[in-house]
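Coordinates in review
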Amino acid sequence: KSRLTEILYVSQRTLRNVFRNPTLVVMRTVVTVFFATLVGLIYLQVSRVEDPGIKNRMGAIFFNVTNQVMANLSAIELFLKERVLFIHENASGYYHVSTFFIAKLICDLIPLRIFPSILFSTIVYFMIGFQRTVAKFFIFYFALFITTTCGAAICFLISASVEVFGIANLLAAMSFVLMMVFGGFLVEVSSVVSFLSWIKWVSIFRYSINILNINEFSNLIAQLSL
């Protein structure tokens with residue numbers, strides 16, 4: 001049997017398990033709509049006056065990035081809950097390790113990462129009132145999608161490396177908090193002691209916030225307050 005056939009069968013089984021218990025997908029969608037609407041209401045049609053327009057735009061961008069990263073903590077259980085089954089089936093020669101990994105990625109990323117990311121981006125972008133051009137919207141969406149994917153990848157790594165859910169959850173949360181601190185919004189990274197400042201280079205918050213700030217503030221004509 002080919003590798004593609006293996007991926008197909010494992011993906012089908014995974015999707016059946018998801019549809020038997022659709023609570024996670026439904027709750028992820030509900031929570032996504034709730035937080036997107038909440039953020040949109042907080043920063044509703046953000047002012048184009050320099051103050052508080054600039055501050056609110058930066059706050060909205062930071063909030064959006066933080067929400068997309070932290071929402072991936074649910075990905076921790078992806079490899080944990082079926083570890084025993086996978087070890088048994090892999091040892092029996094039913095499929096390769098890469099088959100299980102790819103199938104899990106496909107079945108997790110599409111319903112729990114890609115769709116909620118599209119939904120979240122569409123709601124918050126127009127409610128907040130970011131620059132309404134097609135190019136800037138798609139840059140905004142792809143930046144948040146890549147941020148979500150990177151956050152999920154970190155959770156996948158921890159999930160595949162640690163056997164205890166509590167420890168995995170703690171490691172993921174600690175990693176995200178450190179990245180958030182060195183994202184450049186909460187503290188000026190250049191003022192941090194040198195032996196810690198290297199964390200900025202592995203901070204997905206920093207890269208995402210920089211992309212979104214450049215995307216939003218370039219060509220933005222602010223109305224100076226009188």
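Use the structure listed above.
Residues numbered from 1 in each chain as written. Predicted model: local features only at pLDDT ≥ 70, side-chain atom pairs only at ≥ 80, totals over all residues. Heavy atoms only, no water.

Here we take up the pattern of salt bridges. Following the criterion strictly, the structure yields 2 salt bridges and no others. Across the pair Arg 13 and Glu 89 runs a salt bridge whose closest N-O atoms are separated by 2.7 Å. With Arg 13 in helix H1 (residues 3-20) and Glu 89 in helix H5 (residues 83-91), this residue pair connects regions lying 76 residues apart in the sequence. Given a relative accessible area of 9%, Glu 89 falls into the buried group. As a salt-bridge pair, Arg 57 and Glu 216 come within 2.8 Å of each other at their nearest N and O atoms. Residue Arg 57 is found in helix H3 (residues 50-70), and its partner Glu 216 is found in helix H10 (residues 204-217); the two are separated by 159 residues along the sequence. Note on Glu 216: relative accessible area 2%, which makes it buried. (Salt bridge = Lys/Arg side-chain N within 4 Å of Asp/Glu carboxyl O. Helix = DSSP H or I, 4+ residues; strand = E, 2+ residues; numbered from the N terminus. Buried < 20%, exposed > 50% of the residue type's maximum accessible area, 1.4 Å probe, protein only.)

All right, on to the state of the cysteines then. By definition, a disulfide links the sulfur atoms of two cysteines through a covalent bond. This model, assessed by the stated rule, comprises 0 disulfides. Cys 150 takes part in no disulfide bond, and the closest cysteine sulfur, belonging to Cys 155, lies 12 Å away. Under the relative-accessibility criterion, Cys 150 is labelled partly exposed at 33%. Judged by its relative accessible area of 0%, Cys 155 is buried. (Disulfide = S-S within 2.5 Å.)

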